[in-house]
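Spelled out from the first residue to the last, the chains are:
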Amino acid sequence: MKDILARKWFYIIAVVVFAAAAVITVKFMGGRQAPDQTNIAADIDGRKITNLEFQTAINRRMLRIVATEGRVSSAEKEDIMLSVFKALMNDALLEIFAKNEGVVLTPEDREKKRQRVISAINRSHPDQAQKVPIEERMKELWTTLGYQSEEELFKDLDKEVLEEKLSAHLYPEKSYTVSDSEINEYIPMIAVRQIVFTFDPSKPKGMEINFSDRKIWERAKMVYNYLTAGANFGNMAKKYSQETYAANGGYIGWINQKAVVPQYWEVVSRLKKGEISEPFETDFGILIVQCVDKKDLNDPAFDKFKTFARKLVLVKKRKADFVGWFYRQLRKLEEQDRIVIYNHVLLANKYRNMGKYDDAAAEYKKAMDSDKEGAPYYHIDVAMIYARQKRYSEAIRELRTATEIAPTDPLLFFSMGQAYMEVGEHDKALVEFRKASDMSRLNYSLHDKLEKIYTQLGLLEEADREHELYVKAIEILGGSNRKALSPGSIYERSDYEFKGVPKGGSSGPSVRDESQYNRDIYSAPSENR
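Summary of the structure given here. Fair warning: this is a prediction, and the values are worked out from it, not measured in the lab.

Remarks on the overall build of the chain
Working step 1: Looking only at helices and strands, the chain features 20 helices and seven strands.
Working step 2: Taken over 529 residues, the chain has a buried fraction of 49%.
Working step 3: Long-range contacts, defined here as pairs at least 24 residues apart, represent 72% of the contacts in the chain between residues at least 6 apart.
Working step 4: A total accessible area of about 25,700 Å² is found for the chain, and carbon and sulfur atoms account for 51% of it.

Observations concerning the side chain of R114
Working step 1: Following the sequence through the fold, R114 ends up in helix α5 (residues 107–124).
Working step 2: Among the polar contacts listed, one links the side chain of R114 to the side chain of E150, at a separation of 2.8 Å.
Working step 3: Not counting residues within four places of it along the chain, the set of residues in contact with R114 comprises M138, E150 and F154.

As for the sheet that holds strand β5 (residues 280–282)
Within a sheet, each strand pairs with its neighbour through backbone hydrogen bonds, oriented either parallel or antiparallel.
Working step 1: Pairing is antiparallel in the open sheet, where four strands are placed in the order β4-β3-β6-β5. In the strand order of this sheet, the two ends are held by β4 (251–255) and β5, each with one partner. Averaged over all pairs of adjacent strands, the angle between strand axes in this sheet comes to 45°, irrespective of strand direction.
Working step 2: Note: strand β3 (residues 190–197) against β4, four bridges, orientation antiparallel. Among the inter-strand pairings, V192 is bridged to a residue of β4, identified as G253.
Working step 3: Its contacts with the sheet put helix α10 (residues 233–240) on β3 and β6 (285–294), and the angle it makes with β3 is roughly 35°.

Topic: the pairing of strand β1 (residues 40–44)
Working step 1: In terms of burial, β1 is a largely internal element, five of the five residues being buried.
Working step 2: In this structure, β1 lies alongside strand β2 (residues 47–50), joined through four bridges in antiparallel fashion. Of the residues in β2, the one forming a bridge with A42 is I49.
Working step 3: In this antiparallel pair of consecutive strands, β1 and β2, the connection spans two residues, and D45 shows a positive phi of 50°.
Working step 4: Of the pairings in the sheet, the one linking β1 to strand β7 (residues 339–341) comprises three bridges and is antiparallel in character. The partner of A42 across the bridge, within β7, is I341.

A word on the packing of helix α13 (residues 344–354) against helix α14 (residues 357–370)
Working step 1: Running from amino to carboxyl end, α13 crosses α14 at an angle of 165°, the nearest separation of the two axes being 8 Å. As far as their axial angle goes, α14 and α13 are roughly antiparallel. Of the two possible hands of crossing, α13 and α14 adopt the one that is left-handed. Counting all contacts with α13, which are made through H344, V345, L347, A348, N349, Y351 and R352, the residues of α14 involved are Y357, D359, A360, E363, Y364, K366 and A367.
Working step 2: Of the residues contributing to the contact of α13 with α14, the split by class is eight nonpolar, two polar and four charged.

A closer look at the sheet that holds β7
Working step 1: Reading across the sheet, the three strands line up as β2-β1-β7 and stay open at both edges, with antiparallel pairing between neighbours. One side of each edge strand has no neighbouring strand; the edge strands of this open sheet are β2 and β7. Sheet twist, expressed as the mean angle between neighbouring strand axes with direction ignored, is 15°.

Quick notes on the pattern of salt bridges
Working step 1: Applying the stated rule across the entire model yields 33 salt bridges.
Working step 2: A salt bridge links R391 to E394, with the shortest nitrogen-to-oxygen separation between them at 2.8 Å.
Working step 3: Among the residues examined, E394 registers a relative accessible area of 23% and is labelled partly exposed.
Working step 4: A salt bridge links D438 to R441; its shortest N-O distance comes to 3.6 Å.
Working step 5: Here the residues in one salt-bridge network are D438, R441, R465 and E466, joined through shared partners.

Considering the packing of aromatic side chains
Working step 1: Within the structure shown, the criterion is met by twelve aromatic pairs.
Working step 2: Judged by centre distance (6.1 Å) and plane angle (70°), the rings of Y264 and F280 are edge-to-face. With a gap of 16 residues between them, Y264 in helix α11 (residues 262–268) and F280 in strand β5 connect regions that are remote in the sequence.

Comments concerning α14
Every α-helix winds through 3.6 residues per turn, so residues three or four apart in the chain are directed the same way.
Working step 1: In this model, α14 (14 residues) spans 21 Å end to end at C-alpha, consistent with the 20 Å of a helix rising 1.5 Å per residue.
Working step 2: Of all the positions in α14, only A360, A361, E363, Y364, A367 and M368 are classed as buried. Projection of α14 onto a plane perpendicular to its axis shows the buried side chains occupying an angular sector of 165°, all on one side.
Working step 3: The secondary structure elements touched by the buried residues of α14 are α4 (77–101), α13, α15 (375–388) and α16 (392–405).

Some details on a nonpolar patch on the surface
Working step 1: On the surface, a cluster of nonpolar side chains totalling about 270 Å² of accessible area is made up of L442, I476 and L477.
Working step 2: Tracing the backbone through its elements, the reader meets I476 in helix α20 (residues 460–476).
Working step 3: Overall, the relative accessible area of 53% leaves I476 in the exposed class.

A few points about the nonpolar core
Working step 1: Of all hydrophobic cores here, the largest spans 108 residues; its most connected members are I44, F54, F85, I255, Y264 and F326.
Working step 2: Core analysis: the second largest hydrophobic core is formed by 15 residues, F199, Y224, L227 and Y240 among them.

Cut-offs and rules
- Sequence positions are assigned chain by chain, starting from 1 and proceeding in written order.
- For this predicted model, a pLDDT threshold of at least 70 governs which residues receive local features, and a threshold of 80 or more governs which side-chain atom pairs are given and counted, while totals over whole chains, interfaces and linings are taken from all residues.
- Processing note: side-chain calculations cover all non-hydrogen atoms of the structure and skip hydrogens and water entirely.
- Secondary structure is summarised from DSSP: a helix means a run of H or I of at least four residues, a strand means a run of E of at least two, and numbering begins at the N terminus for each.
- Burial here depends on accessible area, computed with a 1.4 Å probe over protein chains only, as a share of the maximum for the residue type. Under 20% is buried, over 50% is exposed, and the range in between is partly exposed.
- The contact definition used throughout considers only heavy atoms, calling two residues in contact when any of these lie within 4.5 Å.
- The protein chains shown are the only cover counted for residues, whose accessible areas, like all others here, come from Shrake-Rupley with a 1.4 Å probe.
- By the criterion applied in these results, polar contacts are pairs of N or O atoms within 3.5 Å in which, for protein atoms, one can donate a hydrogen and the other can accept it, and in which residues neighboring in sequence qualify only through two side-chain atoms.
- By definition, two strands form a pair when at least two bridges between them are found by DSSP.
- Comment: axis = line fitted to C-alpha atoms, over the contacting stretch for helices; angle = value between 0 and 180 degrees taken between N-to-C directions.
- These descriptions rest on fixed angle ranges, namely under 35 degrees for roughly parallel, over 145 for roughly antiparallel, 65 to 115 for roughly perpendicular, and the rest for oblique.
- Handedness of a crossing follows from how the near helix is turned relative to the far one, being left-handed for an anticlockwise turn of less than a right angle and right-handed for a clockwise one.
- Residue polarity follows a fixed list, in which Ala, Val, Leu, Ile, Met, Phe, Trp, Tyr, Cys and Pro are nonpolar, Asp, Glu, Lys and Arg are charged, and the others, Gly among them, are polar.
- We define a salt bridge as a side-chain nitrogen of Lys or Arg found within 4 Å of a carboxyl oxygen belonging to Asp or Glu.
- Any two rings among Phe, Tyr and Trp, with Trp reduced to its six-membered ring, count as a pair given centres within 6.5 Å; such a pair is stacked if its planes are under 30 degrees apart, edge-to-face if over 60, and tilted if neither.
- The length a helix should cover is 1.5 Å for every residue beyond the first.
- By definition, the arc is the one covered by directions from the helix axis to the C-beta atoms.
- Exposure above 30% relative accessible area and no salt bridge define the residues that can form patches, which grow by joining like charges within 9 Å and nonpolar side chains of Val, Leu, Ile, Met, Phe, Trp and Tyr within 5 Å.
- Nonpolar core, defined: a set of buried Ala, Val, Leu, Ile, Met, Phe, Trp, Tyr and Cys residues in which side-chain atoms within 4.5 Å join the residues together.

Below, the structure written as structure tokens:
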């Protein structure tokens with residue numbers, strides 16, 4: 001947040017984007033042209049999401065991405081659409097379900113939320129707390145996040161409060177119990193560094209190791225030998241580790257048992273301070289882990305944290321039950337045909353996730369007519385569908401069409417590479433991947449994806465090239481100066497008072513985030529994730 005707020009030029013972008021939003025022709029929409037539905041993207045049990053409302057939310061999301069990453073690729077817009085629609089739909093459902101349950105927001109609820117936001121601003125910018133009036137800092141916040149007023153910001157935050165109140169109404173915390181063993185699973189006892197080598201996660205269990213996996217295992221053993229011979233772990237992580245923490249020398253901070261998979265904890269919990277594990281395999285890849293520091297469960301440092309952990313476990317239990325309840329209600333509405341989608345792209349993705357590939361392709365083709373900017377990417381979507389149906393000649397035709405009409409967007413070429421992989425044209429896929437890489441030297445996310453693809457293909461030299469570009473992009477963009485977050489990073493805070501954790505954090509699943517708890521037919525297809 002601090003990095004974003006420091007960019008004064010960002011306000012210029014905000015003004016331009018939202019001035020344009022007032023007169024923008026709705027893009028990325030393929031709404032059915034029924035006379036009375038031309039301005040509606042979807043109808044959620046009577047709550048209509050208009051195209052203008054949908055586009056405004058898309059603009060806001062794109063604005064945030066521009067603020068953090070510098071630009072938005074046309075290839076990303078479909079995923080942005082899907083994510084934004086999911087949020088709008090779930091917010092509408094929250095309001096409907098809360099009304100049905102008699103749960104309402106009060107002015108006191110809004111003020112409590114505002115004070116929590118102010119506290120968060122003060123914690124993130126302690127140097128400004130006494131110098132800059134809170135009104136100015138609050139304006140800086142809502143402007144940066146793409147809102148046109150403080151009122152609009154808190155109207156959105158109302159949904160978070162509504163979810164909290166509805167969740168507490170349906171599943172009171174007093175109905176849950178927490179054992180000491182459950183608390184202990186959240187105690188961040190071990191600080192670690194790691195080196196991760198990816199492999200093909202789709203390989204069936206028990207399958208004989210393939211050529212690329214064998215090369216990855218050989219590399220992991222080579223790096224382990226370097227480490228046991230005295231090589232610096234952080235340097236080895238920067239050079240070889242294929243994940244987010246590579247730029248930080250592999251340091252992920254303090255972890256707890258709940259934050260990692262069982263195989264990982266089983267290995268790490270046996271390590272002594274300073275000790276390095278041999279390479280071992282999990283569903284996420286082959287890992288080498290170093291125990292940087294270790295504390296005992298009875299360490300006095302954890303006394304206050306255990307109070308926090310007890311609250312955390314309660315919240316997680318309650319929210320998990322609430323998310324399950326929420327999606328059961330959603331399914332009931334679907335069965336009663338009370339959720340109606342009019343937007344062609346949204347419909348296409350819904351059909352795609354349902355396995356109705358012909359219907360999905362038909363909707364994408366309709367979207368091509370109304371959204372010329374998105375058309376090349378919809379051609380690629382259709383190509384992926386045809387490839388899945390083994391209609392390879394038609395898939396190749398769609399790819400060629402996309403090539404002819406596409407702008408010079410590196411993520412387009414990346415998408416084309418993925419599609420060529422799907423149809424078995426690996427040589428052509430590699431050509432497209434290289435184009436995407438060369439055109440986007442500072443897109444560390446893209447280089448990270450390419451590194452993993454090359455690794456899974458056993459092309460380790462290409463993977464190494466992408467890794468170097470990834471680390472360099474992180475360093476140039478200032479990512480190496482950011483403190484690595486970890487599942488146990490709360491341990492490093494001076495204040496353990498439970499104030500709630502931001503969306504996507506440790507406070508438990510939410511219907512307002514993109515967690516694994518709420519993947520459904522309204523999310524991006526699995527091959528896009």
